[in-house]
Amino acid sequence: MTIHVYATYADTCHPVFYYERQLAILIIVVSVIAFLFFPKYLGIYYKRYFTKYVKSPEFQNRIGILHTISFEDNYLQIKSTQMESKYQYDQFEYITETAFAFFIKLKMADQLFFPKQQIEDTAEFKAFLTALSQRLHIAYQEELDWKWK
């Protein structure tokens with residue numbers, strides 16, 4: 001005797017973990033723990049990585065080198081004994097001033113950093129950057145109360 005039984009939709013509509021409740025609970029607990037502690041781990045990882053990078057010989061060779069920065073008609077030029085770079089003004093996205101530095105954000109996701117303590121005439125440099133931002137039609141942002149988080 002042969003019996004043919006067809007499976008119905010009602011037989012297969014249980015959730016994936018209907019029969020594996022313990023596995024579902026374990027996955028949820030592990031996910032919550034990972035969600036809570038991953039940002040802390042990532043901060044520790046980045047701190048360790050960048051500390052190693054700053055202590056590396058490649059980076060140590062860059063400290064204490066005098067750089068000459070000149071603003072030409074169409075580009076910014078940075079020169080030192082080890083390198084020379086040119087940044088076209090059309091690559092500038094915006095300029096930001098904080099209490100301790102000026103930043104020029106480039107469209108290619110880099111930033112140029114100018115510490116105020118190393119600029120001889122900060123007011124003149126600020127006036128120049130303001131005029132440059134107006135000439136290039138880019139934003140000049142003052143965030144003088146900005147702090148490291």
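Below is a summary of the structure that appears in this document. (Residues numbered from 1 in each chain as written. Predicted model: local features only at pLDDT ≥ 70, side-chain atom pairs only at ≥ 80, totals over all residues. Heavy atoms only, no water.)

### A word on the overall build of the protein
Line of reasoning, step 1. Across its full length, the protein carries three helices and seven strands.
Line of reasoning, step 2. In the protein, the succession of α and β elements from N to C terminus is α-α-β-β-β-β-β-β-α-β.
Line of reasoning, step 3. Per-residue burial over the protein gives 20% buried out of 149 residues.
Line of reasoning, step 4. Put simply, 32% of the contacts in the protein that link residues at least 6 apart link residues at least 24 apart.
Line of reasoning, step 5. Element-wise, carbon and sulfur atoms account for 59% of the exposed surface of the protein, whose accessible area totals about 12,500 Å². (Helix = DSSP H or I, 4+ residues; strand = E, 2+ residues; numbered from the N terminus. Buried < 20%, exposed > 50% of the residue type's maximum accessible area, 1.4 Å probe, protein only. Contact = heavy atoms within 4.5 Å. Areas by Shrake-Rupley, 256 points an atom, 1.4 Å probe, with all protein chains shown as cover.)

### Brief notes about helix α3 (residues 122–136)
Line of reasoning, step 1. Given a rise of 1.5 Å per residue, 15 residues ought to cover 21 Å, and the 21 Å separating the end C-alpha atoms of α3 matches this to within 8%.
Line of reasoning, step 2. Residues of α3 that are buried include every one of Phe-125, Leu-129, Leu-132 and Ser-133, and no others. Each buried residue of α3 sits inside an arc of 100 degrees when the element is viewed along its axis, so together they form one side. Exposed side of α3, more than 90 degrees from the buried face: Ala-123, Glu-124 and Gln-134 are the residues found there.
Line of reasoning, step 3. In this fold, the buried residues of α3 make contact with β1 (68–71), β4 (92–98), β5 (101–106), β6 (111–115) and β7 (139–143).
Line of reasoning, step 4. In the segment just after α3, His-137 is the residue with positive phi, at about 60 degrees. (Expected span 1.5 Å × (residues − 1). Arc of directions from axis to C-beta.)

### Concerning the pairing of strand β2 (residues 75–79)
Line of reasoning, step 1. Of the strand pairs in this sheet, β1 and β2 are connected by four bridges, and their pairing is antiparallel. Bridging across to β2, Ile-69 finds its partner in Ile-78.
Line of reasoning, step 2. Connecting the antiparallel pair β1 and β2 is a turn made up of three residues.
Line of reasoning, step 3. Here β2 pairs with strand β3 (residues 84–88) via five bridges, running antiparallel. (Pairing = 2+ DSSP bridges.)

### Side note on the packing of aromatic side chains
Line of reasoning, step 1. The full count for this structure, using the stated rule, is 14 aromatic pairs.
Line of reasoning, step 2. Each ring, one from Phe-71 and one from Phe-128, has its centre 4.8 Å from the other, and the planes form 65 degrees; the classification is edge-to-face. A residue pair is termed long-range when its members are at least 10 positions apart, and Phe-71 in strand β1 and Phe-128 in helix α3 qualify at 57 residues.
Line of reasoning, step 3. Judged by relative accessible area, which is 34%, Phe-128 ranks as partly exposed.
Line of reasoning, step 4. Where Phe-100 meets Phe-103, the ring centres are 6.4 Å apart and the plane angle is 90 degrees; that geometry is what we call edge-to-face.
Line of reasoning, step 5. Take Phe-103: its relative accessible area is 16%, and that puts it in the buried class.
Line of reasoning, step 6. Through a chain of ring-to-ring contacts, three or more aromatic side chains come together here, namely Phe-38, Tyr-41, Tyr-45, Tyr-46, Tyr-49 and Phe-50.
Line of reasoning, step 7. Just above the ring of Phe-102 sits the side chain of Lys-116; from NZ or CZ to the centre is 5.2 Å. (Phe/Tyr/Trp six-rings, centres within 6.5 Å; stacked < 30°, edge-to-face > 60°. Lys NZ or Arg CZ within 6 Å of the ring centre and 35° of its normal.)

### Overview of a nonpolar patch on the surface
Line of reasoning, step 1. Side chains of Ile-25, Ile-28, Val-29, Val-32, Ile-33, Phe-35, Leu-36 and Phe-37 sit close together on the surface and give an oily, nonpolar patch of about 850 Å² of accessible area.
Line of reasoning, step 2. Along the chain, Val-29 turns up in helix α1 (residues 21–55).
Line of reasoning, step 3. For Val-29, a relative accessible area of 43% translates into the label partly exposed. (Patch = residues over 30% accessible without salt bridge, like charges linked within 9 Å, V, L, I, M, F, W, Y side chains within 5 Å. Salt bridge = Lys/Arg side-chain N within 4 Å of Asp/Glu carboxyl O.)

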